[in-house]
Amino acid sequence: MSTEHGRPATSEAGRPAVDREGVIRLTQQLVRIESVNDPAGGRSEEPAAELVAQTMRSWGWEPVVDVVAQGRPNVTARIEGGLPGPTLLFEGHTDVVTEGDGTEWSVDPFGGEIVDGRLYGRGSADMKGGVAAMLHAARAVESAGPFPGTIVLAVLCDEEGMMLGVKDFVARGHAAGVDGAIVCEPEAGEVCTSQKGAMRLRIDAQGVMAHGAMPHQGKNPIRALVHACDALEAIERELQHTHGEHPHLGLPYVTPTVLQAGSMPQLNVIPADASLALDIRSTPGIDHWDLVRKIERALQPVTEATGVTFTFKVIDERPPTETPEDDPVVRAVYAAHEAVTGETPRYGGVPGTTDGTILWRDAGIPVVVYGPGGKWIAHQVDEYVEIDDLTRCADVYVDAALRFLRGD
């Protein structure tokens, strides 16, 4: 960051200036690390976490590295402003989904190439650009001198999986005392105050094995699960009718995703057991545990008609979240976007879930999601982030942090 007479550089608007080239360079460095959770292929988040920790140390910070699982560290740092004030959390993750078939990409999936103002690569938008922007924003705020309160930076593992990183972050007490969180996921300039909830539910059906030529001697769990799907579709319709379409999240869904039958399936054998997996996406106002009980009741008539019994296992549960628009962290991001871009921002919602759902559920932290990158670009071939969007979001983070910490 350039300085004049020993003072940190400031933008024309008077806010601390972000090292634009530094943001771009760090994003490229992160994208070039294949931080896919792929132990068999020798890939993990660890090298990306090491780069983050090394960057923090180079700035004089003292990061804490917590190993959540083998090759899967969290990196956190606290920056004290030197004056009394609240605590703001910036949150991001180092893991990325697989690049898939690399031949389908027009660029190297892990090259970090810049073409026509776009930085390409797996994780460029989701969400290594956001990580680089939030780190450099915090650096700019610190370099400008004393500020009220504390900034906490959390760069976590396993957001794309079971969210082990954020669960560990909260369990270790790192979220204690945080007054608001900015989750730096790509949202195309929207100030996202709500997130859909997610629940992964497995329904195990227990029937009786029989010869395919003599089905009357068995109890077919597959046929029972077909009837169960009809009941689940009726529950989905009821949810959509009762709760309607959320203005930012759309409709809730109960979606069957995986059907498995028998441990050793054979074409001429009715299996003794089968399983159906559900991906449930909920909107605010839907209680997941009430929904599980409703599903259990809805499948009782199927058991009575077929003799097949069902057991239910919740594999993962993340509640829907909604932060009021007048919450200080939302107001800070909204005003910062307006100040930096000169445009009135749009409120929006996250169609999936982020680590913010766990911060909200387990630590009671108000959450707003805002970051560089297109809202629908994540996990796609030729993923990219616009350079201007990347650096603009870093400026918004600086402005939002100062507004929140000063209580503006």
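Every value quoted in this text rests on a predicted model; they were computed, and no experiment measured them. (Residues numbered from 1 in each chain as written. Predicted model: local features only at pLDDT ≥ 70, side-chain atom pairs only at ≥ 80, totals over all residues. Heavy atoms only, no water.)

Participant: I'd like a rundown of the sheet that holds strand β7 (residues 118-120), residues and numbers included.
Facilitator: The 3 strands are arranged β6-β7-β20 in an open sheet whose pairing can be described as antiparallel. Unpaired on one side and paired on the other, β6 (114-115) and β20 (384-386) mark the two borders of the sheet. Alignment of β7 against β20, held across 3 bridges, turns out to be antiparallel. By the bridge assignment, Y120 is partnered in β20 with Y384. Where helix α1 (residues 20-31) meets the sheet, its contacts fall on β6 and β7, and the angle it forms with β7 comes to roughly 20°. Packed onto the sheet, helix α9 (residues 387-406) meets β6, β7 and β20 and runs at close to 65° relative to β20. (Pairing = 2+ DSSP bridges. Helix = DSSP H or I, 4+ residues; strand = E, 2+ residues; numbered from the N terminus. Contact = heavy atoms within 4.5 Å. Axes fitted to C-alpha atoms, helices over the stretch in contact; angles between N-to-C directions.)

Participant: Before we move on, could you go through the pattern of salt bridges and cite the residues and values that matter?
Facilitator: By the definition in use, this model includes 27 salt bridges. The shortest N-O distance in the salt bridge between D66 and R172 comes to 3.6 Å. Linking D66 in strand β3 (residues 64-69) with R172 in the loop between α4 (164-171) and β9 (180-183), this pair joins segments that are 106 residues apart in sequence. Close ionic contact of R139 with E142 constitutes a salt bridge, the shortest N to O distance being 3.2 Å. Of this pair, R139 and E142 both sit in helix α3 (residues 124-143), 3 residues apart, which is roughly one turn of the helix. In the salt-bridge network here, residues are joined through shared partners; they are E34, D38, R43 and E99. (Salt bridge = Lys/Arg side-chain N within 4 Å of Asp/Glu carboxyl O.)

Participant: Just give me the short version of the nonpolar core, but keep the residues and values in it.
Facilitator: Judged by nonpolar contacts, the single largest core of 58 residues is most densely connected at M56, F90, L135, I151, L153, I182 and Y397. Listing elements by their share of this core, those giving two or more residues are α1, α2 (46-58), β4 (72-80), β5 (82-93), α3, β8 (147-156), α7 (328-341) and α9. Broken down by element, this core gets its largest block of residues, 12 residues, from α9. Filtering out sequence-adjacent residues up to four positions away, M56 remains in contact with W61, P63, V75, A77, L135, L153 and V155. Membership of the second largest hydrophobic core comes to 24 residues, among which are M199, A224, I235 and V302. (Core = buried A, V, L, I, M, F, W, Y, C linked by side-chain atoms within 4.5 Å. Buried < 20%, exposed > 50% of the residue type's maximum accessible area, 1.4 Å probe, protein only.)

Participant: Go over the sheet that holds strand β13 (residues 253-261) with me, naming the residues and quoting the values.
Facilitator: Reading across from one edge, β13-β15-β11-β16 is the order of the 4 strands in this open sheet, with antiparallel pairing throughout. Across the chains shown, the open sheet's two edge strands, defined by having one partner strand only, are β13 and β16 (309-318). Here the strands of the sheet are splayed against their neighbours by 20° on average, with no regard to which way each runs. Running at roughly 10° to strand β15 (residues 273-282), helix α5 (residues 221-243) makes contact with β11 (197-206), β13, β15 and β16 of the sheet.

Participant: I'd like a rundown of the packing of aromatic side chains, residues and numbers included.
Facilitator: We describe a pair of aromatic rings using the distance from one ring centre to the other and the angle between the two ring planes. Evaluated as defined, the whole model comprises 5 aromatic pairs. Considering the side-chain rings of W59 and W61, the 5.1 Å spacing of their centres and the 75° angle between planes classify their relative orientation as edge-to-face. There is no split in this pair, since W59 and W61 are both buried. For the ring pair Y120 and Y384, a centre distance of 5.5 Å and an interplane angle of 50° mean the geometry is tilted. Highlighted residues: Y120 in strand β7 and Y384 in strand β20, separated in sequence by 264 residues. Look at Y120 and you get buried, because its relative accessible area is 13%. Each residue in the set F90, Y370 and Y397 is aromatic and connected to the rest through ring pairs, giving one cluster. Over the face of the ring belonging to Y384 we find R118, whose NZ or CZ atom lies 4.1 Å from the ring centre. (Phe/Tyr/Trp six-rings, centres within 6.5 Å; stacked < 30°, edge-to-face > 60°. Lys NZ or Arg CZ within 6 Å of the ring centre and 35° of its normal.)

Participant: Residues and numbers for the packing of α4 against helix α8 (residues 356-363), please.
Facilitator: Between α4 and α8, the shortest axis-to-axis distance is 9 Å and the interhelical angle comes to 30°. For the element pair α4 / α8, the angle class is roughly parallel. Relative to α8, α4 is oriented so that their crossing is right-handed. From α4, V166, K167, F169 and V170 reach across to α8, where they touch I358, L359, R361, D362 and A363. Its residues placed into classes, the contact of α4 with α8 shows 6 nonpolar, no polar and 3 charged. (Parallel < 35°, antiparallel > 145°, perpendicular 65-115°, else oblique. Left-handed = near helix turned anticlockwise from the far one by under 90°. Nonpolar A, V, L, I, M, F, W, Y, C, P; charged D, E, K, R; others polar.)

Participant: I'd like a description of a nonpolar patch on the surface, backed by residues and values.
Facilitator: Taken together, the side chains of M162, L164 and I315 present a nonpolar region at the surface, about 230 Å² in accessible area. Looking at the element boundaries, I315 is found in strand β16. (Patch = residues over 30% accessible without salt bridge, like charges linked within 9 Å, V, L, I, M, F, W, Y side chains within 5 Å. Areas by Shrake-Rupley, 256 points an atom, 1.4 Å probe, with all protein chains shown as cover.)

Participant: Go over the packing of α3 against α9, please, and point to the residues and values.
Facilitator: Axes are the key here: two packed helices are described by the angle between their axes and the distance separating the axes. In the contact formed by α3 and α9, the axes pass within 8 Å of each other and the chain directions differ by 45°. Taken together, the axes of α3 and α9 are oblique relative to one another. Where α3 crosses over α9, the two elements pack in a sense that is right-handed. Residues G129, G130, A133, M134, A137, A140 and V141 of α3 form the contact with α9, whose own contacting residues are L390, A394, Y397, V398, A401 and L402.

Participant: An account of the environment of T283 is needed here, citing residue identities and associated values.
Facilitator: Take T283: it is sitting in the loop between β15 and α6 (288-306). Relative accessible area serves as the criterion here: at 2%, T283 is assigned to the buried category.

Participant: Any chance you could break down the environment of S275 for me, citing the residues and the numbers?
Facilitator: Here S275 lies in strand β15. Exposure remark for S275: the relative accessible area of 17% places this residue in the buried category. Sequence separation between S275 and V308 is 33 residues; the distance between their C-alpha atoms is 12 Å. Residues in contact with S275, not counting those within four places in the same chain, are R202, I203, D204, L225, V258, L259 and Q260. Within the structure, the side chain of S275 is placed 2.6 Å from the side chain of D204, a separation counted as a polar contact. (Polar contact = N/O pair within 3.5 Å; in protein donor to acceptor, adjacent residues only side chain to side chain.)

Geometric values such as these leave the question of function open.
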